[in-house]
Amino acid sequence: MTTIHRQVHCEWCCEDLDHASTGRAKRFCSTRCRVAYSRAMKRHAAVCVEAALAGQPEPPRDFGQPVKIRAYEIDGAGNVTKRARPGGER
Ligand SMILES: [Zn+2]
């Protein structure tokens, strides 16, 4: 049994993420969400640069979802199960 830690929700739309037992950790449910997030992040970066040049504090981020991480267990057959956390969600 192997335990991995992965995000519970898509960072853009908050959709539940399904995790495969192999490959890279997912942050988004789809390419569409990944692209939308990276566009918003670029826009935000440009706003931050302008604020910095004007001597103002960095503006807050008003997009995306807070990241939640949960442990997943992989058995010998490659099945992934969410591990029940005593005390419920954080
Ligand atoms: Zn999504």
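As a reminder, the structure under discussion sits directly above these lines.
Structure report, in brief. All figures in this text were calculated on a predicted structure; none of them were measured in a lab. All residue numbers here refer to positions counted from 1 along the written sequence of the relevant chain. Two thresholds apply to this predicted model, a pLDDT of at least 70 for residue-level local features and 80 or more for giving and counting side-chain atom pairs, whereas whole-chain, interface and lining totals are computed over all residues. Remark: hydrogens and water are excluded; side-chain values derive from all non-hydrogen atoms of the structure.

Going along the chain from the N terminus, every DSSP run of H or I of four or more residues is numbered as a helix, and every run of E of two or more is numbered as a strand. Counting secondary structure elements, the protein contains one helix and three strands. Tracing the protein from N to C terminus, the helices and strands come up as β-α-β-β. Across its three principal directions, the C-alpha atoms of the protein cover 55 × 30 × 20 Å. For the protein, the proportion of its 90 residues judged to be buried stands at 24%. For the protein, the separation between the mean place of its 16 positive charges and that of its 10 negative charges on side chains is 3 Å. To sort residues, take the accessible area from a 1.4 Å probe on protein chains only and compare it with the maximum for the residue type: under 20% means buried, over 50% means exposed, and anything in between is partly exposed. Under the counting rule used here, the positive set is Lys and Arg, the negative set is Asp and Glu, and His together with the chain ends is not counted. Lysine's charge is taken at NZ, arginine's at CZ, aspartate's at CG and glutamate's at CD.

On to the coordination of the zinc ion. Atoms of type N, O and S within 2.8 Å of a metal are treated as its donors, and for Na, K and Ca the window is 3.2 Å; water is not considered, so some sites may appear to be missing partners. Every protein donor of the zinc ion is listed here as Cys 10 (SG), Cys 13 (SG), Cys 29 (SG) and Cys 33 (SG), and their distances to the metal cover 2.3 to 2.4 Å. Viewed at the metal, the four donor atoms of the zinc ion are separated by angles of 104 to 117°, and the geometry they form is tetrahedral. Sites are called tetrahedral only when four donors show all angles between 85 and 135 degrees, square planar or octahedral only when four or six donors show opposite pairs over 155 degrees and all other angles between 65 and 115, and irregular in any remaining case.

Now for the packing of aromatic side chains. We call Phe, Tyr and Trp rings a pair once their centres come within 6.5 Å, taking the six-membered ring for Trp, and we label the pair stacked below 30 degrees between planes, edge-to-face above 60, and tilted otherwise. What the rule picks out here adds up to four aromatic pairs. When the ring of Trp 12 is compared with that of Tyr 37, the centres are 6.3 Å apart and the planes differ by 90°; the resulting orientation is edge-to-face. Residue Trp 12 is located in the loop between β1 (2-7) and α1 (31-53), and its partner Tyr 37 is located in helix α1; the two are separated by 25 residues in the primary sequence. Since its relative accessible area comes to 29%, Trp 12 is described here as partly exposed. On the numbers, 5.1 Å between centres and 50° between planes, the contact of Phe 28 with Tyr 37 is tilted. Comparing Phe 28 with Tyr 37 shows no difference in burial state: the two are buried. Members of the aromatic cluster, connected to one another through ring pairs, are Trp 12, Phe 28, Tyr 37 and Phe 63.

Expected helix span is computed as 1.5 Å times (number of residues minus one). Over its 23 residues, α1 runs 33 Å from end to end, which matches the ideal 33 Å to within 8%, given 1.5 Å per residue. Those residues of α1 that sit buried are Cys 33, Tyr 37, Ala 40, His 44, Cys 48 and Ala 51. Looking one or two residues beyond α1, the residue adopting positive phi is Gly 55, at roughly 75°.

What follows covers the pairing of strand β2 (residues 69-74). For β2, a buried count of five out of six residues is recorded, marking the element as mostly surrounded by other parts of the structure. At least two DSSP bridges between two strands are required for those strands to pair. Here β1 pairs with β2 via six bridges, running antiparallel. Counterpart to Thr 3 in the pairing with β2 is Glu 73. Sheet analysis places β2 next to strand β3 (residues 80-82), joined by three bridges and oriented antiparallel. Within β3, the residue paired with Tyr 72 across the bridge is Lys 82. Counting the residues in the hairpin turn of β2 and β3 gives five residues, including Gly 78, whose phi is positive at 85°.

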